[in-house]
Amino acid sequence: MFEQVLQLIKQYPRIIIHRHSYPDGDAIGSQLGLAALIKDNFAGKEVYVVGDEATRLPFIDAVMDEIPDEYYNNALAIVLDCGGAHMVCDKRYATAAATVRIDHHILCDKVADVEVIDSTFESACGMVTLMAKECGWKLSLQSATMLYMGMVTDSGRFAFDSVSARTFELAAFLMSQPIDMNTLNYNLNAEDFSEILNKADNMHKIKFTKNNVAYIYTPREDLPASDTVIVSTGLVGLMRDIKGVHVWVNFTESDDGVHCELRSNRPNINPIAVKYGGGGHKKASGCIVPDKATAMSLLADLDALVTTE
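Bear in mind that the values here come from a model prediction, so they are computed numbers and not experimental data.

## Points about the overall build of the protein
- Broken down by element type, the protein carries 10 helices and 11 strands.
- Relative to its length of 309 residues, the protein is compact, with a C-alpha radius of gyration of 19 Å against a globular reference of 19 Å.
- When burial is assessed residue by residue, the protein has 52% of its 309 residues classed as buried.
- Counting contacts in the protein only where the partners sit at least 6 residues apart, residues at least 24 apart contribute 62% of the total.
- On the protein, roughly 14,000 Å² of surface is accessible, and the fraction owed to carbon and sulfur atoms is 52%.
- Here the protein contributes 27 positive and 41 negative side-chain charges, whose respective centroids are spaced 5 Å apart.

Here it is in structure tokens:
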């Protein structure tokens, strides 16, 4: 699966690693994990990580590199955990001498010269881990910790149905390094008390469509003074365990439109996210729509989807 990727890594002296904007654990974990793997296994390679700050995971010391445009000359750009070109954190990747994408989202469009796409994986970190294992690369504590974090977060703590025997085999491979599970789990789960109170307040805002699609809609004026993406992804989880609800969505207004986080435990909601300019997975997708009216049209599509199940 990774033969072409390995040859390109060997070929190019400079490698620049990208992922999607507003990185989650899988995006930042695969980016930092792969960077550490290349540095540990290919002496003399220049390796850079680029993109916006990992605000969703402030405990990670993820300082992105600021590099000039000319660094892309005779460089390999690798894009990780990114379902479409519009989501790549730094569009300069397309100017590199060669480009690679490693991703586990449902394919929407071509992004790179070499595409390694497999939507059966629970995470991009899982794919990078398999590459490291198949290539016989040595693991460091840094690479193992970052890749394990991405596997944990994108698999819903190994609870989603994308998890397979392969997931646990690769997790065990990473755990050959002494990952500090206690600290990692604390950092992933700990919340400020104000965030807990905010979630409690939002539990009272949950509404239901005719066919029991649960949703929360947060207007711009009601948004707390924190990152929109963090609020949006945090609130959608509040509806996950409501009995009788099989599709749920969170809407959060922002300066760039309404962030829509779509989730399901039965039907495939990805086509609806794609219809509105987004993408993702069969049961976890997202998009940004221009206004509330469009968001309500999306909600109506989800409601109609439930009636067909």
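## Some words on unusual backbone geometry
- Despite not being glycine, Tyr22 has its phi angle at roughly 50°, a positive value.
- Structurally, the position occupied by Tyr22 is in the loop between β1 (14–19) and α2 (25–41).
- Judged by relative accessible area, Tyr22 falls into the partly exposed class, the value being 37%.
- If you check the backbone angles, Asn212 has positive phi at about 75° while not being a glycine.
- Of note, Asn212 is situated in the loop between β6 (207–208) and β7 (214–218).

## Focus: helix α4 (residues 141–154)
- Between its terminal C-alpha atoms α4 stretches 20 Å, which fits the 20 Å expected from 14 residues at 1.5 Å a residue.
- A large share of α4 lies buried, amounting to 12 of its 14 residues.
- If you check which residues of α4 are buried, you get Ser143, Ala144, Thr145, Met146, Leu147, Tyr148, Met149, Gly150, Met151, Val152, Thr153 and Asp154.
- As for α4, its buried residues are in contact with α2, α3 (124–135), α5 (165–174) and α6 (181–189).
- Following α4 by one or two positions, Gly156 has its phi on the positive side, about 65°.

## Topic: the pairing of strand β11 (residues 284–289)
- Along β11, the buried face is formed by Ser285, Cys287 and Val289; none of Ala284, Gly286 and Ile288, which line the opposite face, is buried.
- Here strand β9 (residues 257–264) runs beside β11; their pairing, made up of 6 bridges, is antiparallel. Within β11, the residue paired with Leu262 across the bridge is Ser285.
- As defined by bridge partners, strand β10 (residues 279–280) adjoins β11 across 2 bridges and the pair is classed as antiparallel. Bridging across to β11, Gly280 finds its partner in Ser285.

## A look at the side chain of Lys45
- Mapped onto the secondary structure, Lys45 falls in the loop between α2 and β2 (46–49).
- Buried Lys45, no salt bridge; nearest opposite-charge side chain is Glu46, N-O distance 10 Å.
- Not counting residues up to four positions away in its chain, the partners in contact with Lys45 are Ile9, Lys10, Gln11, Tyr12, Pro13, Ile15 and Ile38.

## Observations concerning the packing of aromatic side chains
- Summed over the entire model, instances satisfying the criterion amount to 6 aromatic pairs.
- Ring centres of Tyr217 and Phe251 lie 5.8 Å apart, and the angle between their planes is 40°; on these two criteria the pair is classed as tilted. In this pair, Tyr217 is assigned in strand β7 and Phe251 in strand β8 (residues 247–254), connecting sequence segments 34 residues apart.
- According to the relative accessible area criterion, Tyr217 is buried, its value standing at 14%.
- Through pairs of rings, three or more aromatic residues link up here, namely Tyr148, Phe158 and Phe168.
- Above the plane of the ring of Phe121 lies Arg166, whose end atom (NZ or CZ) is 3.6 Å from the centre.
- Seen from the ring of Tyr217, Lys292 lies directly overhead, with NZ or CZ sitting 4.8 Å from the centre.

## Here we look at the nonpolar core
- Membership of the largest hydrophobic core comes to 52 residues, with the highest contact counts inside it found for Ile9, Ile17, Ile28, Leu34, Leu76 and Trp137.
- Element by element, the count of residues in this core is highest for α4, at 7 residues.
- Contact partners of Trp137, with chain neighbours within four places excluded, come to Leu6, Ile9, Leu34, Leu37, Asn41, Phe42, Met131 and Ala132.
- In terms of nonpolar packing, the next biggest core, distinct from the first, is built from 20 residues, Tyr217, Cys260, Val289 and Leu299 among them.

## Some remarks on the sheet that holds β8
- Strand order in this open sheet of 6 strands is β6-β7-β8-β9-β11-β10, and the pairing throughout is mixed. Both outer strands of the open sheet, β6 and β10, are each paired with one neighbouring strand and no more.
- Against the sheet, helix α10 (residues 292–307) engages β7, β8, β9 and β11, with an angle of about 175° to β8.

Criteria and cut-off values
- Residues numbered from 1 in each chain as written.
- Predicted model: local features only at pLDDT ≥ 70, side-chain atom pairs only at ≥ 80, totals over all residues.
- Heavy atoms only, no water.
- Helix = DSSP H or I, 4+ residues; strand = E, 2+ residues; numbered from the N terminus.
- Rg over C-alpha atoms; globule rule 2.2 N^0.38 Å.
- Buried < 20%, exposed > 50% of the residue type's maximum accessible area, 1.4 Å probe, protein only.
- Contact = heavy atoms within 4.5 Å.
- Areas by Shrake-Rupley, 256 points an atom, 1.4 Å probe, with all protein chains shown as cover.
- Lys, Arg positive; Asp, Glu negative; His and termini not counted.
- Charge placed at Lys NZ, Arg CZ, Asp CG, Glu CD.
- Expected span 1.5 Å × (residues − 1).
- Pairing = 2+ DSSP bridges.
- Salt bridge = Lys/Arg side-chain N within 4 Å of Asp/Glu carboxyl O.
- Phe/Tyr/Trp six-rings, centres within 6.5 Å; stacked < 30°, edge-to-face > 60°.
- Lys NZ or Arg CZ within 6 Å of the ring centre and 35° of its normal.
- Core = buried A, V, L, I, M, F, W, Y, C linked by side-chain atoms within 4.5 Å.
- Axes fitted to C-alpha atoms, helices over the stretch in contact; angles between N-to-C directions.

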